[in-house]
Amino acid sequence: MNADAPADRPIPPAPAAATDTTDATIDALRRALDEPDLSDSLRATLSEAIDALRRSDGSLYRAAFDAIPDLVTVLDEVGTVIEINREGTRAHRRIREEIVGQPIHVLNPELPREHLAPVWETLNRGESYIIEVTNKRGDGTRFPVEVHSAGFEHEGQRRIIAVARDLSSRADTELRFRELVESIDRGVIVQDHSLRIIYANSAAMRLLSLHSGMSIADELSSGDWLLVDERGHELATDQYPSQIALATGRVVDSTVLGLYHRERRELIWLAVTAVPQFPPGGDRPHQVFALFSNVTALKRDSALFDRAQALAHIGGWEWDAGRDRLYLTFEAARIIGREAEPEQIDDLLECLLPLDRHRLRNALERTLAGGRGIDMELQGTRSDGGGFWVRAIGDASAADPVRQVLTGTLQDITERKHEEEQLRIQARSDPLTGLLNRDAVQAELERRLDIYPHSPLAVLYIDLDRFKVVNDVLGHAAGDRLLASAARRIRLAAGDQALIARFGGDEFLLVCSLDDDPLRGERLADAILEIFGDSFRVDGEEFSITASIGIAQAPLDGRTAQQLIQSADVAMYDSKRRGRNSWQAFTPELAEQQLHRLQLETHLRRAVHNDEFHLVYQPQVDLSDGRVVAIEALIRWRNRSLGEMRPDRFIDHAETTGDIVGIGGWVLHEACRQLRAWRDEGLHIERVAVNVSYRQFLGDDLANNVGAALAEYGLPGSALELEFTERVLIEDAPDTVRTFTRLRELGVNLSIDDFGEGYSALNYLRRLPIHGLKLSQLFVQGVPDNQSDVAVCQAVTGIARSLGLGMVAEGVETERQRAFLRELGVLIGQGFLFAPGLAPDDLRDYCRAQKLL
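Residues numbered from 1 in each chain as written. Predicted model: local features only at pLDDT ≥ 70, side-chain atom pairs only at ≥ 80, totals over all residues. Heavy atoms only, no water.

### Side note on the sheet that holds strand β8 (residues 225–228)
Spatially, the 6 strands line up as an open sheet ordered β7-β6-β11-β10-β9-β8, and their pairing is antiparallel. If you trace the sheet from one side to the other, it starts and ends with β7 (197–200) and β8, each paired once. The mean angle between the axes of side-by-side strands here comes to 30°, regardless of whether they run parallel or antiparallel. Bridge count between strand β10 (residues 266–277) and strand β11 (residues 287–294): 8 bridges; the pairing is antiparallel. Looking at the pairing, Q277 lines up with Q287 of β11. (Pairing = 2+ DSSP bridges. Helix = DSSP H or I, 4+ residues; strand = E, 2+ residues; numbered from the N terminus. Axes fitted to C-alpha atoms, helices over the stretch in contact; angles between N-to-C directions.)

Given below as structure tokens:
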């Protein structure tokens, strides 16, 4: 049969049923139009056919049907061809009569017997059925087609309309494409939207050192390969060039990537270009075409040069001043750290701080004019806001006689500058709070006073009230956290209005200008007191920590840093004396008080050497019969200039200055000497009690000193009682327990003075080897009428009884107090009801009256 014969035959008339099936055909063609994979030309043709069917009779239907450029057949329910268009007869090289009335197998002989089952199953869901098959021509040759089938109903019968696209030309195109791709020396990989490899050419296999028969998809997904960027950092999937091309729909050009094989320890550098591909009519890529070449040798040479620069932190630069073209090596660009690499000299200058920008521009112009080369340190900022320091060196190129090209180096000196700055900061900063330290704030204050001698400024001296409670109860670590928290609050209250420093311990210093606000110092003090109004939380405990603040102004209260700080310190102490949690400005009256304090300190330091101290002794008596059972040694100070001084006038000051250690040693020896003298006279006093300072306990070898004093005067340890304040209870240190143990081994009685007035750390009380407690006169003076004092006395007595400790009540002044204490179970007391502190001779007479001789 002549293959071209069907094209010369006249078109047969339309069958009688054609007109009746117009509506059904239109419906079927509409469904065919819903197929997303139809080409634009076929979609337009089907639309024209539908329009023609709407406005035409059977002959027009036939003409439109035959005008469709793709193969169209109409099948009945069992797969018999009941109609075919002209393109269908031409493509199959058969006449219409050889096809119509025949089963579809005459066109698709390779279809399985039950091929319609999946077709109808799909059509019954209202979907189109799509398949690629091979059709057979009348001459026996085969050709590939892609068939889109839709269902419709005509006169109560189900029908199928099948539109087939001849794929022969596409197959030829794909074949030529593959031949082209296989012939080039660049690797080609095609990936789908999920980056699954669907094709790779032989060059790709060779460049990746893969052998024929190996699956490139399996090999690259095996976990043996690592994809890295030029800096050796592993790439996430969303950083792959193919993924970027799929996500953006744009070509990703010439990206250098490294493929590292873990087992072979081989690194291949590739230059990759990724091209997205869109489906017909689609707006998103459905696959990506990646081309790559091996640039390992080039990369190695470049890497060696870059590595040498990176190791030295030195990059190169070249500026063609005539064309204003700037070139930076990779390391130089890294040092600058700009997202957009500078390409002109102004771009580079823009990276620098304004002053250095001006300096470099002048140096460049000077060098171009024939002056000396460039060698300077410059500071700038990177795109991320970070700073950098570089040493820039440059001169005219030796190969450029007209001096229009400058070349040089940029050395990264950021780390050195940071180290220098860190050392400077460390020398000026308090490591705990990050504020200025004592030396730094004094130097800054002196500098301001020198530069602006007549400019008013204020100094605020801040001391934390009750900080020692937290430090002693919870330990130094908790105290440090509290100080850091307090520093943050002071910084928040002051903002940028003042210079802030930790001056030492729990003391802070603020320095602020008063030029534009004469009352700034007072306002800052109020702000600090207000922000300290909220309690502090440390280690799960809440503490109310307030502040006492002193304010001094320059030049009124001092013209040097030392004078101003001292004046503010005096005002702070006055604020603390007045009740704390307040501020006090320096006044001349306070200056006079400061003078008295200095005088007191001077005389106190000489008091032991000048033999100005003496002891008085207060009896401790049995509350039932008044019998003297012991005595307590109490210190007094008589100074030629200051007169008679009671302990409450100088003990705290001696604690602060540290003089208490020497004074306490004198008291210990003097009390032992006097007891020895009384005993030699036949005065039977069981023991003498001596107060021991907390500073003396920490700063001296107390056990050795006590042992030496007892030995010097031939006294047994039981003749001495040492009274400590409650602060020793909270020192959970091995030295504390060891000292108590050594004292007890000497036979010395140990008691806690003024118990209940301070910290009452019961846990430590249980663990330390002490003998007794002294009930503070602060609570004794209120009994038996004050219920709060009664409750405290009952509680302390109960604690002593439960722990097997002795009790001594201080400050007993009335018979009612004595009776209450006896009823409470307290056996021993002291106070004015029995005797005040007595001189040694007076105590001898008192004891003679008690018949102790």
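On we go.
### Regarding helix α31 (residues 815–824)
Residues of α31 that are buried include every one of Q817, R818, F820, L821 and L824, and no others. Seen along its axis, α31 keeps its buried residues to an arc of 165°; they face one direction. Count one or two residues on from α31 and you reach G825, which has phi positive near 105°. (Buried < 20%, exposed > 50% of the residue type's maximum accessible area, 1.4 Å probe, protein only. Arc of directions from axis to C-beta.)

### Some words on the side chain of Q618
Its place among the elements puts Q618 in strand β24 (residues 613–622). Separated by 2.9 Å, the side chains of Q618 and Q830 make a polar contact. Within the structure, the side chain of Q618 is placed 3.0 Å from the backbone oxygen of A835, a separation counted as a polar contact. With residues near it in sequence (within four places) discarded, Q618 still touches A630, I631, E632, L634, Q830, G831, F832, A835, P836 and G837. (Polar contact = N/O pair within 3.5 Å; in protein donor to acceptor, adjacent residues only side chain to side chain. Contact = heavy atoms within 4.5 Å.)

### Let's talk about the environment of D496
Take D496: it is sitting in the loop between α19 (476–494) and β18 (499–504). Overall, D496 belongs to the exposed group, its relative accessible area being 75%. Note: C-alpha distance between D496 and C512 (16 residues apart in sequence) is 9.5 Å.

### A few points about the packing of helix α22 (residues 588–607) against helix α23 (residues 647–657)
The contact between α22 and α23 brings their axes to 11 Å, and the two run at 80°. With respect to α23, the axis of α22 lies roughly perpendicular. Residues R597, L600, E601, L604 and R605 of α22 form the contact with α23, whose participating residues are R649, F650, H653, A654 and T657. Residues belonging to the contact of α22 with α23 are distributed by class as follows: 4 nonpolar, 2 polar and 4 charged. (Parallel < 35°, antiparallel > 145°, perpendicular 65-115°, else oblique. Nonpolar A, V, L, I, M, F, W, Y, C, P; charged D, E, K, R; others polar.)

### Thoughts on the nonpolar core
If you look at the biggest cluster of nonpolar residues, it comprises 73 residues, and the most contacted ones within it are F613, V706, L720, L722, F724, L773 and L821. With 9 residues, helix α24 (residues 660–680) is the largest single contributor of residues to this core. In terms of nonpolar packing, the next biggest core, distinct from the first, is built from 33 residues, L464, F532, F543 and I549 among them. (Core = buried A, V, L, I, M, F, W, Y, C linked by side-chain atoms within 4.5 Å.)

### Details of the sheet that holds strand β17 (residues 457–464)
Spatially, 5 strands are ordered β18-β19-β17-β22-β23 in an open sheet, and the strand pairing comes out mixed. On the outer flanks of this sheet lie β18 and β23 (582–585), each paired with one strand and no other. For this sheet, the mean inter-axis angle between neighbouring strands, taken without regard to orientation, is 20°. In the sheet, β17 pairs with strand β19 (residues 507–513) via 7 bridges, with the strands oriented antiparallel.

### Points about the pairing of strand β12 (residues 314–320)
Burial analysis of β12 places 5 of its 7 residues in the buried class, the great majority of the element. Pairing geometry for β12 and strand β16 (residues 405–412), over 7 bridges, is antiparallel. Paired with I314 across the two strands is Q411, which belongs to β16. In terms of strand pairing, β12 meets strand β13 (residues 325–328) through 4 bridges, oriented antiparallel. The residue of β13 that forms the bridge with W317 is L328. In this structure, the hairpin formed by β12 and β13 is closed by a connection of 4 residues, where D324 is found at a positive phi of approximately 50°.

### Brief notes about the environment of L355
Assignment of secondary structure puts L355 in helix α15 (residues 354–368). Judged by its relative accessible area of 63%, L355 falls in the exposed class. Residues L355 and L378 lie 23 residues apart in sequence; the distance between their C-alpha atoms is 9.2 Å.

### Remarks on the packing of aromatic side chains
Throughout the structure, instances matching the rule amount to 8 aromatic pairs. Ring geometry for Y617 versus W678: centroids 4.9 Å apart, planes at 75°, classification edge-to-face. Taken together, the residues Y617 in strand β24 and W678 in helix α24 connect sequence positions 61 residues apart. Its relative accessible area of 1% is what places Y617 among the buried residues. Ring centres of F724 and F740 lie 5.1 Å apart, and the angle between their planes is 45°; this geometry places the pair in the tilted category. Taken together, the positions of F724 in strand β28 (residues 720–724) and F740 in helix α27 (residues 734–745) put the pair 16 residues apart, joining distant regions of the chain. Put simply, the rings of F613, W637, F650 and W666 touch in pairs and so form one group of aromatic residues. (Phe/Tyr/Trp six-rings, centres within 6.5 Å; stacked < 30°, edge-to-face > 60°.)

### Overview of the pattern of salt bridges
The full count for this structure, using the stated rule, is 39 salt bridges. The residue R627 makes a salt bridge to D622 at a minimum N-O spacing of 3.8 Å. The exposure class of R627 is partly exposed, given its relative accessible area of 40%. Linking R673 and E670 is a salt bridge whose minimum nitrogen-to-oxygen distance equals 2.7 Å. Here E670 and R673 lie together in helix α24, a separation of 3 residues that amounts to about one turn. Here R673 falls in the partly exposed class, since its relative accessible area comes to 34%. Through salt bridges with shared partners, one network takes in E632, E723, K774 and E810. (Salt bridge = Lys/Arg side-chain N within 4 Å of Asp/Glu carboxyl O.)

### A closer look at the confidence of the model for the protein chain
Overall, the prediction assigns the protein chain a mean pLDDT of 83, with 88% of residues at 70 or greater. Put simply, helix α1 (residues 5–8) is where the protein chain has its lowest mean pLDDT, 37, and strand β32 (residues 828–829) is where it has its highest, 96. Within the model, pLDDT remains below 50 along residues 1–20, and this stretch shows 21 contacts once partners closer than five positions in the same chain are excluded. (pLDDT = per-residue confidence, 0-100.)

### So, the pairing of strand β14 (residues 374–381)
The alternating pattern of β14 places I374, M376, L378 and G380 on a buried face and D375, E377, Q379 and T381 on a face that is not buried. The turn linking β14 back onto strand β15 (residues 387–396) is made up of 5 residues, and G385 within it adopts a positive phi angle of 90°.

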